Amino acid sequence: MAAPVIPSSLQIYNSYVEDPIWQRKFTIIWCSSLALAVAVSVPSLILGLRHGRSLKGIAGISETNGYRTAYSDGKKPPPTRRRSRRLVGAWNALIAPTYWSPPKLGLNLGQIIVLSAYLAAVLVCILKDAQLISNPNRAGFLALAQFPVVFLFATKNSILSLLLGPGNGYEKLNFMHRMAGRTMFLAGCIHGSLWIRNHLQYGLQILGPQKETSGVASLALLCIIVLTSLRPVRRLFYECFFVVHVLTYVAFFVTICYHTIYASPWIFPPLAFYGADVLLRLLRYRIKDATLTAQDAQMTLIRVHNCDDGWLAGQHVRLRIFFSNRVFESHALTILSAPPSHSCLSSPGFLLAARTNGDWTRALNNYTRKEQERLQISEKYEGESSASVQVMLDGPYGGSSVDLGRYESVFLIAGGSGITFTLGLLDDIVGRCVKLGRSQGERTRKIEFAWCIRSFGQIEWFAPMLIDIATAASNSSIDLHISIFVTCLCDPEAVPHIPNSIVTLSRPCSFRPPLRRKIRSRPELDESQEWQISGGGVAVCASGPESLTGEAQNAVARLSLTMSMDVGGIALHTELFTL
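Everything numeric in this text was worked out from a predicted model, so none of it was measured. (Residues numbered from 1 in each chain as written. Predicted model: local features only at pLDDT ≥ 70, side-chain atom pairs only at ≥ 80, totals over all residues. Heavy atoms only, no water.)

Visitor: Got a minute to help me understand the overall build of the protein in this structure?
Guide: For the protein, the count of helices and strands is 18 helices and twelve strands. Scored against the burial criterion, the 579 residues of the protein give a buried share of 51%. Accessible surface computed for the protein: about 27,500 Å², of which carbon and sulfur atoms make up 61%. (Helix = DSSP H or I, 4+ residues; strand = E, 2+ residues; numbered from the N terminus. Buried < 20%, exposed > 50% of the residue type's maximum accessible area, 1.4 Å probe, protein only. Areas by Shrake-Rupley, 256 points an atom, 1.4 Å probe, with all protein chains shown as cover.)

Visitor: Can you help me understand the pattern of salt bridges in this one?
Guide: Pairs may arise between side chains of opposite charge once their charged atoms sit close together. The final tally for this structure, using the stated rule, is 14 salt bridges. For the salt bridge of Arg-281 with Asp-394, the shortest nitrogen-to-oxygen distance reads 3.1 Å. Here Arg-281, found in helix H12 (residues 264–284), pairs with Asp-394, found in strand E6 (residues 387–398); they are 113 residues apart in sequence, far enough to count as distant. The partner of Arg-432 in a salt bridge is Asp-403, with the nearest N and O atoms 3.0 Å apart. With Arg-432 in helix H14 (residues 419–434) and Asp-403 in the loop between E6 and strand E7 (409–415), this pair connects stretches of sequence that are 29 residues apart. The pair formed by Arg-432 and Asp-403 is uniform in burial state, with each residue classed as buried. Through salt bridges with shared partners, a single network forms among Asp-403, Asp-428, Arg-432 and Glu-442. (Salt bridge = Lys/Arg side-chain N within 4 Å of Asp/Glu carboxyl O.)

Visitor: Help me understand the pairing of strand E3 (residues 315–321) in this model?
Guide: The side chains of a regular strand alternate between both faces of the sheet. Counting buried residues in E3 gives seven out of seven residues, a clear majority hidden from the surface. Burial along E3 is two-sided: the residues Gln-315, Val-317, Leu-319 and Ile-321 and His-316, Arg-318 and Arg-320 are all buried. As paired strands, E3 and E6 are joined by six bridges and run antiparallel to one another. In the strand pairing of E6, His-316 is matched with Tyr-397. (Pairing = 2+ DSSP bridges.)

Visitor: Would you mind going over the sheet that holds strand E5 (residues 350–355) with me for this structure?
Guide: Through backbone hydrogen bonds, the strands of a sheet pair up, either in parallel or in antiparallel fashion. The sheet built from six strands is open, its strands ordered E4-E3-E6-E1-E2-E5 with antiparallel pairing. In this open sheet, the two strands that pair with only one neighbour each are strand E4 (331–334) and E5. Ignoring strand direction, the axes of neighbouring strands in this sheet form an average angle of 40 degrees. In the packing of helix H15 (residues 459–473) onto the sheet, the strands contacted are strand E2 (299–304) and E5, and the crossing angle to E2 comes to about 40 degrees. (Axes fitted to C-alpha atoms, helices over the stretch in contact; angles between N-to-C directions. Contact = heavy atoms within 4.5 Å.)

Visitor: Any chance you could explain the pairing of E5 here in plain terms?
Guide: Most of E5 sits inside the fold, with five of its six residues counted as buried. In the sheet, E2 pairs with E5 via six bridges, with the strands oriented antiparallel. Residue Arg-303 lies in a different strand from E5, and its bridge partner there is Leu-351.

Visitor: I tried to follow a nonpolar patch on the surface on my own but got confused; where do I start?
Guide: Side chains of Phe-242, Val-243, Val-246, Leu-247 and Val-250 sit close together on the surface and give an oily, nonpolar patch of about 430 Å² of accessible area. Looking at the secondary structure, you find Val-250 in helix H11 (residues 238–259). Take Val-250: its relative accessible area is 44%, and that puts it in the partly exposed class. (Patch = residues over 30% accessible without salt bridge, like charges linked within 9 Å, V, L, I, M, F, W, Y side chains within 5 Å.)

Visitor: It is not clear to me how helix H1 (residues 15–40) should be interpreted in this structure. Could you clarify?
Guide: Helical geometry note: an α-helix holds 3.6 residues per turn, so side chains three or four residues apart project in the same direction. In a regular helix each residue adds 1.5 Å, so 26 residues correspond to 38 Å; H1 covers 37 Å between its end C-alpha atoms and thus fits that length. Of the positions making up H1, those classed as buried are Ser-15, Asp-19, Pro-20, Trp-22, Gln-23, Phe-26, Thr-27, Trp-30, Leu-34 and Val-38. Here the buried face of H1 lies against helix H2 (42–50), helix H4 (109–127), helix H5 (137–144), helix H6 (147–152), helix H7 (159–163) and H12. (Expected span 1.5 Å × (residues − 1).)

Visitor: Just checking my understanding: could you explain the nonpolar core for this structure?
Guide: The nonpolar side chains of a soluble globular protein tend to be buried, and buried together. One finds Phe-462 and Leu-480 to be the most contacted residues of the largest nonpolar core, which totals 46 residues. Elements with a contribution of two residues or more to this core: E2, E5, E7, H14, strand E8 (446–453), H15, strand E9 (479–486) and strand E11 (538–544). Those residues within four positions of Phe-462 in sequence are excluded, and the remaining contacts are Met-299, Leu-301, Leu-336, Ala-353, Ile-419, Thr-420, Leu-423 and Trp-451. Residues Val-38, Met-176, Ala-180 and Phe-185 belong to the second largest nonpolar core, which totals 45 residues. (Core = buried A, V, L, I, M, F, W, Y, C linked by side-chain atoms within 4.5 Å.)

Visitor: Just to check I follow, could you spell out the packing of aromatic side chains for this structure?
Guide: For the structure on display, the rule yields 14 aromatic pairs. The interplanar angle of 50 degrees and the centroid separation of 5.6 Å between the aromatic rings of Tyr-238 and Phe-241 together place this pair among those described as tilted. With Tyr-238 and Phe-241 both in helix H11 and three residues apart, the pair spans about one turn of that helix. With relative accessibility at 25%, the residue Tyr-238 sits in the partly exposed group. (Phe/Tyr/Trp six-rings, centres within 6.5 Å; stacked < 30°, edge-to-face > 60°.)

Visitor: Is there a simple way to explain the packing of H1 against H4 in this structure?
Guide: The angle between the axes and the distance between the axes are what describe a pair of packed helices. Contact geometry for H1 and H4: axes closest at 10 Å, N-to-C directions at 165 degrees. Between H1 and H4, the angle is such that the two are roughly antiparallel. Judged by the sense of rotation from one axis to the other, the crossing of H1 with H4 is right-handed. Side by side, H1 and H4 meet where Trp-22, Phe-26 and Ile-29 of the first sit next to Tyr-118, Ala-121, Val-122 and Cys-125 of the second. Partitioned by chemical class, the residues of the contact of H1 with H4 number seven nonpolar, no polar and no charged. (Parallel < 35°, antiparallel > 145°, perpendicular 65-115°, else oblique. Left-handed = near helix turned anticlockwise from the far one by under 90°. Nonpolar A, V, L, I, M, F, W, Y, C, P; charged D, E, K, R; others polar.)

Visitor: What is the right way to look at the packing of helix H8 (residues 170–201) against helix H9 (residues 210–228) in this model?
Guide: Running from N to C, H8 and H9 point in directions that differ by 145 degrees, and their axes come no closer than 10 Å. Of the two elements, H8 crosses H9, and the hand of that crossing is left-handed. Note on element contacts: H9 touches H8 through Glu-212, Leu-219, Leu-222, Cys-223 and Val-226, opposite Gly-181, Arg-182, Met-184, Phe-185, Gly-188, Cys-189, Gly-192 and His-199. For the contact of H8 with H9, the per-class residue count stands at seven nonpolar, four polar and two charged.

Visitor: Can you walk me through the side chain of Gln-553 in this structure?
Guide: By the secondary structure assignment, Gln-553 is in helix H17 (residues 546–557). On the accessibility criterion, Gln-553 (10% relative accessible area) is buried. Ignoring sequence-local partners within four residues, the contact set of Gln-553 consists of Tyr-99, Ser-101, Asn-108, Leu-572 and Thr-574.

Structure (structure tokens):
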């Protein structure tokens with residue numbers, strides 16, 4: 001005779017048996033979703049591998065034995081395959097609505113959907129068949145399950161950046177890191193507050209026993225981490241945020257392991273992710289000589305020597321400059337030039353630019369100007385005055401998710417110092433078409449380059465580079481047009497002459513009308529004013545403040561399905577210059 005079985009309705013809820021099951025269910029959910037995202041990105045990854053983009057820079061910045069010999073543009077763009085481009089256009093049109101960006105939120109519709117689905121999955125796993133009031137352990141178990149997600153999306157050398165294809169660096173994945181951290185805080189608050197309620201209800205001691213004391217300490221540390229990582233704190237006190245972030249998560253690891261023995265298995269994946277990140281960063285560190293040149297009180301140019309290869313246009317590095325007492329600070333700066341093998345600049349190399357916009361950039365600019373003044377009055381010094389320093393490079397990271405060479409028309413939009421991103425892309429695509437003779441089948445014919453700035457004097461920052469690129473594009477198969485929008489009247493006489501460019505004293509009210517106008521293909525439009533698109537696709541890249549990138553996203557999101565298919569697809573990449 002079989003032993004009697006207690007009905008499930010009468011069984012005592014054992015959280016240490018049931019709740020880990022929901023931990024595993026949540027892990028299966030986010031891992032499956034991640035696998036789906038990787039599967040969708042496989043075509044992009046394959047194309048990146050085929051063109052040498054996916055693995056570029058994985059070993060860091062490198063030196064070569066010389067530059068490739070340049071030759072003039074002798075090839076025409078390959079013919080457009082209308083059927084395949086219409087399929088690309090249909091796919092781009094389907095995902096275009098996800099680019100829509102509400103004002104002041106800093107997220108697009110696609111990211112909002114992902115975050116909402118993630119939060120819903122966590123809440124379902126916390127609330128489903130759980131007796132939270134009497135036993136809130138489920139929320140604590142789900143808080144522990146956030147550890148792998150938090151660190152997977154936080155490390156700069158994440159395996160996801162490689163699997164998702166070019167242009168999906170840590171800065172594009174960081175929104176999931178923040179969401180997972182705040183979800184951990186939410187689950188921790190549910191778990192901690194309900195346990196404190198139960199202790200107060202039954203007259204139990206809250207502080208004193210190790211489990212309770214370490215639990216309260218863990219919740220307090222988690223609260224500090226979340227509050228100090230809010231956007232206003234990050235923007236105003238970034239150095240303090242970084243130090244507090246690092247110290248508190250180490251302390252949080254210790255206290256959470258004292259709080260529960262069930263935390264240990266969830267600590268190992270973050271340690272593995274972080275260890276791999278540190279190892280790869282050590283392999284990619286470079287210490288180089290560099291020269292600093294202050295264009296004025298607002299801009300400092302940095303030329304790093306003996307760096308010839310190992311990066312893609314649009315990527316950035318974490319730069320540490322050994323000057324004054326700032327040796328422990330590193331900052332992200334975009335590489336504003338293509339590799340010398342195909343750069344159009346008269347003096348190619350590894351170039352960075354630091355806009356004065358904080359303590360570090362201001363100190364760097366002051367140091368550079370003082371050094372330049374000292375060198376100019378020195379009797380022993382001859383030649384151009386530039387301050388010599390040593391720098392440490394960590395990278396490159398990020399880059400553009402759009403290969404401009406696959407599109408017939410390119411629209412590059414920048415605001416302020418965001419030009420460092422689009423200028424590198426412009427140098428790259430013109431060099432690939434003109435100097436390398438479209439060796440990888442680049443189909444780019446037309447390029448519209450737009451730059452929004454506050455004063456005419458800022459044009460001088462990058463005028464020599466724009467002149468070099470515009471000169472290289474002239475008398476070639478590339479139709480390049482440069483538009484500079486100046487928002488205030490300062491010194492119009494200071495405008496340099498840049499071939500095939502126009503400087504306007506205005507701000508474009510919206511990028512939607514010019515974008516829609518540029519990609520129309522109706523024959524009645526004036527060919528001197530409009531692009532006659534033959535279905536080879538349009539690539540749009542925007543960089544700068546949130547208002548500009550959001551406007552570009554909304555402009556692409558509102559374009560119709562028919563228009564996207566007619567032009568062969570509209571691809572978008574935005575680079576937000578903010579913390």
